[in-house]
Amino acid sequence: MSLVRESRYGDAAGVLAEVAVPASRFPEDDARLLEVRRQIGELEVGVGDVDKARVTLTDLRNDLTRLYGLDHGATIRVSELLASLS
């Protein structure tokens, strides 16, 4: 599920505000939180905050690499997102 496509909000900033607090309820390595973090990075790109998105996605890629390895689909997806920001 994409938070932007499935959201009742018309803008990415509203989605960011909505997910920030609930996301903190999950354990750090919970797959749901990792997915929310990826979507937050995409939203940051969407609102033009590429520098913040780069930090969000780099931290996420490091965690995904630690948990799943470099060749896992989630890690590859985030790495590709980061590469697209260059």
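A few points on the structure.

1. Re the environment of Phe26
Here is step 1 of the chain: Along the chain, the position of Phe26 falls in the loop between α1 (12-23) and α2 (31-46).
Here is step 2 of the chain: On the accessibility criterion, Phe26 (21% relative accessible area) is partly exposed.
Here is step 3 of the chain: For Phe26, the residues in contact, after removing those within four places along its chain, are Arg32 and Leu33.

2. What to know about the packing of α2 against helix α4 (residues 73-85)
Here is step 1 of the chain: Taken N-terminus to C-terminus, the directions of α2 and α4 make an angle of 15°; their axes are 11 Å apart at the nearest point. Our classification of the angle between α2 and α4 gives roughly parallel. In this structure, α2 meets α4 at a crossing whose hand is left-handed. The residues of α4 that touch α2, namely those facing Arg38, Glu42 and Val45, are Arg77, Val78, Leu81 and Leu85.

Conventions and cut-offs
- Residues numbered from 1 in each chain as written.
- Predicted model: local features only at pLDDT ≥ 70, side-chain atom pairs only at ≥ 80, totals over all residues.
- Heavy atoms only, no water.
- Helix = DSSP H or I, 4+ residues; strand = E, 2+ residues; numbered from the N terminus.
- Buried < 20%, exposed > 50% of the residue type's maximum accessible area, 1.4 Å probe, protein only.
- Contact = heavy atoms within 4.5 Å.
- Axes fitted to C-alpha atoms, helices over the stretch in contact; angles between N-to-C directions.
- Parallel < 35°, antiparallel > 145°, perpendicular 65-115°, else oblique.
- Left-handed = near helix turned anticlockwise from the far one by under 90°.

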